[in-house]
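# Structural characterization, general
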Amino acid sequence: MKGNGMLGEAEYYHDKVVMRLVQFSMLWAVLAMAVGLWLAAEFVWPTLDFGQFWLSFGRIRPVHTNGIIFGFGVSALMGTAFYSVQRTSHVPLFMPKLAWFCCYAWQVVVLLGGLSLLAGWTSTKEYAELEWPFDIAITVVWVAFAIVFFGTIATRRIRPIYISNWFYGALIIVIAMLHIVNNLEVPVTIDKSYSLYAGAQDAIVEWWYGHNAVGFLLTGGFLGMLYYFLPKHAGQPIWSYRLSVVSFWAFTYSYIWAGPHHLHYSAIPEWVQSLAMVMSLVLLAPSWATMVNGIMTVSKAWPKLKSDPALKFIVLSLAFYGLATFEGPMLAIRSVNAVSHFTDWTIGHVHSGALGWNAMVTYGTFYYLVPRLVGRELYSTRLANIHFVLALAGTLLYILAMWAAGISQGLLWLSVNTLGELSFSFREVMSSMKPYYALRLFAGAIFWSGTLMMTYNLWRTIKGANVLKVLIPPVPARWRINKSVAQPVGVEAQA
Amino acid sequence: MADMPTDFWSGWIVGLAIVGFAGLVMLIFGIYFGKQPHEEAAEAPVWDSDLSEGNNPAPLWWFWLILALMVFCVMYLMLYPGLGSYAGALHWSQQSQYEQHHAEFATVHDPARHALAETPYATLAQDTVAMSSAARLFADNCAACHGADAKGQHNLFPNLRDSDWLWGSTPEQITQTITAGRNAVMIPWLSVLGEEKVKQVASYVRALGTPQADDLPGHAVFMQFCIACHGADGSGNQLLGAPRLNDNIWLYGGSQADVELSIAKGRTGQMPSFAGRLDATDIRLLVAWLTR
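The rules behind these values
- Residues numbered from 1 in each chain as written.
- Chains lettered and ligands numbered in written order.
- Predicted model: local features only at pLDDT ≥ 70, side-chain atom pairs only at ≥ 80, totals over all residues.
- Heavy atoms only, no water.
- Helix = DSSP H or I, 4+ residues; strand = E, 2+ residues; numbered from the N terminus.
- Rg over C-alpha atoms; globule rule 2.2 N^0.38 Å.
- Buried < 20%, exposed > 50% of the residue type's maximum accessible area, 1.4 Å probe, protein only.
- Contact = heavy atoms within 4.5 Å.
- Areas by Shrake-Rupley, 256 points an atom, 1.4 Å probe, with all protein chains shown as cover.
- Lys, Arg positive; Asp, Glu negative; His and termini not counted.
- Charge placed at Lys NZ, Arg CZ, Asp CG, Glu CD.
- Buried area = accessible area lost by both parts, 1.4 Å probe.
- Salt bridge = Lys/Arg side-chain N within 4 Å of Asp/Glu carboxyl O.
- Nonpolar A, V, L, I, M, F, W, Y, C, P; charged D, E, K, R; others polar.
- Patch = residues over 30% accessible without salt bridge, like charges linked within 9 Å, V, L, I, M, F, W, Y side chains within 5 Å.
- Domains from an automatic or database assignment.
- Expected span 1.5 Å × (residues − 1).
- Polar contact = N/O pair within 3.5 Å; in protein donor to acceptor, adjacent residues only side chain to side chain.
- Axes fitted to C-alpha atoms, helices over the stretch in contact; angles between N-to-C directions.
- Parallel < 35°, antiparallel > 145°, perpendicular 65-115°, else oblique.
- Pairing = 2+ DSSP bridges.
- Core = buried A, V, L, I, M, F, W, Y, C linked by side-chain atoms within 4.5 Å.

## Quick look at the overall build of chain B
The number of helices and strands found in chain B is 12 helices and two strands. Scanning chain B from its N terminus toward the C terminus, one meets helices and strands in the order α-α-α-α-α-α-α-β-α-α-α-α-β-α. For a compact globule of 292 residues, the expected C-alpha radius of gyration is about 19 Å, and chain B comes in at 36 Å, more than 25% above that figure. C-alpha atoms of chain B, sized along the principal axes, occupy 115 × 55 × 40 Å. The 292 residues of chain B split such that 39% are buried. Look at the contacts in chain B between residues 6 or more apart in sequence, and 60% of them connect residues 24 or more apart. For chain B, the accessible area works out to roughly 16100 Å², and carbon and sulfur atoms hold 61% of it. Averaged over its 15 positive side-chain charges, chain B has a centre that lies 15 Å from the centre of its 28 negative ones.

## A word on the overall build of chain A
The secondary structure content of chain A amounts to 15 helices and two strands. A compact globule built from 495 residues would reach a C-alpha radius of gyration of about 23 Å, and chain A, at 23 Å, matches this within 12%. Each principal axis of the C-alpha distribution contributes one length, and for chain A these read about 90 × 50 × 45 Å. Across the 495 residues that make up chain A, the buried fraction comes to 60%.

## Focus: the side chain of A:Ser116
Residue and element names in this part refer to chain A. Its location among the elements puts Ser-116 in helix 3 (residues 96–118). For Ser-116, a relative accessible area of 6% gives the class buried. Setting aside residues no more than four positions away along its own chain, Ser-116 makes contact with Trp-121, Leu-130 and Phe-134.

## Considering the interface of chain A and chain B
With 63 residues of chain A in contact, the opposing surface of chain B contributes 69 residues. Counting the surface lost from both chain A and chain B, the interface buries some 5600 Å², and carbon and sulfur atoms represent 66% of this. When the buried surface of chain A facing chain B is broken down by residue, A:Arg242, A:Trp271 and A:Leu419 rank first, second and third, together holding 15% of it. Among the ionic pairs, A:Lys232 bridges to B:Asp50, the shortest N-O distance being 2.4 Å. It is helix 8 (residues 270–298) of chain A that contributes the most residues to the side of chain A that touches chain B, 16 residues altogether. Of the residues assigned to the side of chain A that touches chain B, the class counts are 42 nonpolar, 12 polar and nine charged.

## Brief notes about a nonpolar patch on the surface
On the surface, B:Leu60, B:Trp64, B:Leu67, B:Val71 and B:Met75 cluster together into a nonpolar patch covering about 520 Å² of accessible area. With respect to the helices and strands, B:Leu60 occurs in helix 2 (residues 60–79).

## Some words on the domain arrangement of chain B
Taken as a whole, chain B is organised into domain 1 (1–32 + 56–92), domain 2 (111–181 + 273–291) and domain 3 (184–271). When each unit is reduced to the centre of its C-alpha atoms, the spacing between domain 1 of chain B and domain 3 of chain B is 73 Å.

## Remarks on helix 13 (residues 381–414) of chain A
Across its 34 residues, helix 13 of chain A extends 49 Å between first and last C-alpha, which sits within 8% of the 50 Å expected from 1.5 Å per residue. For helix 13 of chain A, the side-chain oxygen to backbone nitrogen distance between the N-cap and A:Arg382 is 3.4 Å, and the N-cap itself is A:Ser380.

## Quick look at the packing of helix 5 (residues 128–141) of chain B against helix 12 (residues 280–290) of chain B
Residue and element names in this part refer to chain B. For the pair helix 5 and helix 12, interaxial distance at closest approach is 8 Å and the crossing angle is 100 degrees. Here helix 5 lies roughly perpendicular to helix 12, going by the angle between them. Packed against helix 5, whose contacting residues are Ala-130, Met-131, Ser-133, Ala-134, Ala-135, Leu-137 and Phe-138, the element helix 12 presents Asp-282, Leu-285, Leu-286, Ala-288, Trp-289 and Leu-290 at the interface. Tallied by class, residues from the contact of helix 5 with helix 12 come to 11 nonpolar, one polar and one charged.

## Remarks on the pairing of strand 1 (residues 185–189) of chain A
Here strand 1 of chain A runs beside strand 2 (residues 192–195) of chain A; their pairing, made up of four bridges, is antiparallel. The partner of A:Val186 across the bridge, within strand 2 of chain A, is A:Tyr194.

## Things to note about the packing of helix 12 (residues 344–374) of chain A against helix 15 (residues 434–462) of chain A
Residue and element names in this part refer to chain A. For the pair helix 12 and helix 15, the least separation of the axes is 11 Å and the interaxial angle reads 10 degrees. The angle between the axes of helix 12 and helix 15 places the two elements in the roughly parallel class. The segment helix 12 lies against helix 15, with Asp-344, Ile-347, Leu-355, Ala-359, Met-360, Tyr-363, Phe-366, Tyr-367, Val-370, Pro-371 and Val-374 engaging Tyr-437, Arg-440, Phe-447, Thr-451, Met-454, Asn-457, Leu-458, Thr-461 and Ile-462. By residue class, the composition of the contact of helix 12 with helix 15 is 15 nonpolar, three polar and two charged.

## Side note on the nonpolar core
A:Phe82, A:Trp106, A:Leu217 and B:Trp62 are the most contacted members of the largest nonpolar core, which has 176 residues in total. With 17 residues, helix 1 (residues 16–44) of chain A is the largest single contributor of residues to this core. Contact partners of A:Trp106, with chain neighbours within four places excluded, come to A:Phe70, A:Val74, A:Ser75, A:Met78, A:Phe101, A:Ile138, A:Val141 and A:Trp142. The next biggest cluster of nonpolar side chains, apart from the first, holds 24 residues, and it includes B:Leu124, B:Met131, B:Leu137 and B:Phe138.

## Digging into the environment of A:Thr152
All names here are of chain A. Counting through the fold element by element, Thr-152 comes out in helix 4 (residues 132–154). With 71 residues separating them along the chain, Thr-152 and Leu-223 place their C-alpha atoms 19 Å apart. If near-sequence neighbours (up to four positions away) are discounted, Thr-152 is found in contact with Val-85, Gln-86, Ser-89, Val-91, Pro-92, Leu-93, Phe-94 and Ile-147.

## Focus on helix 15 of chain A
Taking 1.5 Å as the rise per residue, helix 15 of chain A with 29 residues should run 42 Å; its terminal C-alpha atoms sit 42 Å apart, in good agreement. Phi turns positive one or two residues past the end of helix 15 of chain A, at A:Gly464, with a value near 75 degrees.

As C-alpha cells, then:
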C-alpha cells in the first residue's frame, strides 16, 4: 500500500497493437523503398518497365509515395502515438479493440490502395491519388484513430497534457480536415470520380492539402514521436518548455498558409502566393526552435550518443530536420522558386526530409522501442551502427545528387545565347542528368540495404518473444486528476 | 483586383493575416517576457515516471531570428501584393514582371535578331551560333515527330534530310509549311476501285519510272483516277502535298502491301502550325538549318 491512499486494480498498457504497427511499418518501409529504387533505376534505364503498364513510372511513382507516407509513415505514427499517449496519460488505451481495428484496417487500405494504383485507378491529385472508395475507408479509419487517441487523453489521470500529444493531436485533426476537404468528389464509377473543384481552385485546395500533409503528417506527427522518445531515451527533461510552446503554436499557425508556394508564377492570385511565401519564411523560426530544443535536450547525454545507435539516429534526424526546414523556406521564395521549380532540387528537398528526418527519427525510435517492448537487448548493436553509417551515406549522396541535378536543370533551362535563343534543348539537359541519376540510384540502394539490415536486426530481437505486459505507474499526487479515482499499482513487472 | 469580388473578402484576408501575426508577436513576447506556467509551481509535472519539461529560457538569437523574419515579412507585404486587394507599394505583378522581362529581352537581343532577317540563308548556314540555335529549336519543337536526326519516322512523319519535299523545298515553301502547317489527304479508294484494281494500281505505281510500267493493267486505272493529284508521270503535286511516286522514297512504305493499303484505306498527314510557338526569326533559323 506504501501510503498511496487508494489503490486500484493492476492495469496494463496495450502494447501488442504497438508492436504489430511497428512490424507493418517496417514491412512497408522495405517494400515502398524497393519501389523507389525501381523508379530510380527507370531514370537510368528507361526501358525497365518492360512495356508493362503496371510497371510504368506513372503508376509506380504514387505506389512509392503512398507506400512511404501512408504505409511506413502512418503505421509508425499510429504505433508510437498509441505507445506514448497511454504512458503520458497514465491510462490504458481507450477502446483497445478499436485500436486493433485501426491497425489492421489501415494495412488493408494501404495494400488494396497500392494495388488499385498499379491497376491505374487514380484521382490524379498528388499524394491523394487513391480513388473515392479508399478516401472513404481512410476517413473511417482516421476517425477511429481519433477516437482511440482523444479518448485516451480524455480519460487521462494526469492533468497537464504532454507536448508530444499536442503534436499527435494536431496530426489527427488537421489531416482529417485536409483529407476530407481535398477529396470532396463526385463518384462516377467504382474507380473514377471528379473533384468538386476545378482549375485554379482545385490547384489551391490540392496544395493546401499536399503541403500540409507534409506539415502535419511528416513534420507534426513525427515531432510528436521526437518529443516523446528523445527525452525518454536521453533520460533528460525537454530542454525548454517555452520553446516547445512557441514551436507548436507558431508551427501550427504558419504551416496552414504555406501550401500555395507550390504554385508560384501560376494562374492563382498573387496575394495567395505572397502570403504563402511569407508564412513559409516565418516557419523557419518554429522549426529551428524545435531543433534547438531537441539538441539541447540531448546535450547532457552526449556520452550515451557515442554508444547508442538509437540516439544517434534521433540526433542525426534533428540535423536533417534543421537542414530541410531551412531549405524549404528558401525554396518558397519567389525568385529562388523560379529556378528550382520543376527541377530535381524539389526531389532532393523532399528526400532530405523523408530520408534524413522521417526515416531516421523512426529508425531511432524503433531501435529504442522494439527491445523494450519485448524486454530484450537489441540483437546486434554492431549491425545497427553499420545501418547508421549506411543511412547517413545514402541520404547525403541522394541529396547531393539531386542538388547537383536540380540546380543544373534550373540554370541550364534558363540559359540564353546571344541571339536570345535557349542555349540547350530539353533533351540535351535531360541526357546530361544520367550520372546524377545513377548516383541517386546508388544512394537509394545504400539506404535501402540499411533498412533491410534493420528489419533483420529487429526481427531477430523479437523472434520467439512475447510483448511485455507493463503496469501503469501512479501519477504524482500534485498532478493527479480527480484524486478520488483509484490509482494503479506503481510497479513495472513482467507478466 | 479581379479575384477579389468584394471588399469584404479583401478585408477578411487582411484581418486574418494581421490578427495571426499579432498573435505570433504576443506568443513570442509571452515566451520571453511573460510569466511561465510552472514558475509558480513548486515542481514541474512528471509524466511516465521520468518525463518532464525544463524551464530554460528561449535563446536570444532565436528572438532575433524570428523578429528579423517577421520584419522581412511585414516589409514584403508592404511592397508586394499579399494583403487582400492591396497591390503593394512596388505595384509588382506577374504580368508586369513578364512584360519587363520581355522589354529587357528586346533591348538586349532584338538588334541581333533583326539582323538575322536581313542575312541570306547561305550566310546563316555558315554561322555557328545561328546553326546551334536552330539545332536546339529543332530538338525542342520538331524532333518529337521528325526524329532527333531529322530523318523522320517510318509510316508517320517525312524524312527532312533527303531531297524529296512533299510541300516544296524552297525557303519560302518551308517557311509556309512551318508557319501555317499542312494537311495532306489521300482519300480511300477501295469502294471506288474494288480490290482487283487497287492491286493493279499498286503494282503500276511501284513500277513507275521503268519502261515496262505502261504495259501494266494498272496504267489505265491510274490515268483515270490518280493523275489529278499525282500527275500523269507520277511526279506528284507540291501544291497539294501529293507525293512523287516515280522515285524510291515512300513515306508510308514501298512494299506491295503498304502501297495497296495506302490506296485502299487512304492516308492523312498533318503538320501543325507553329505560328503561335515560334516567331519569324526562329522559323528563319530553322529554314536555314533545314536547307543548309
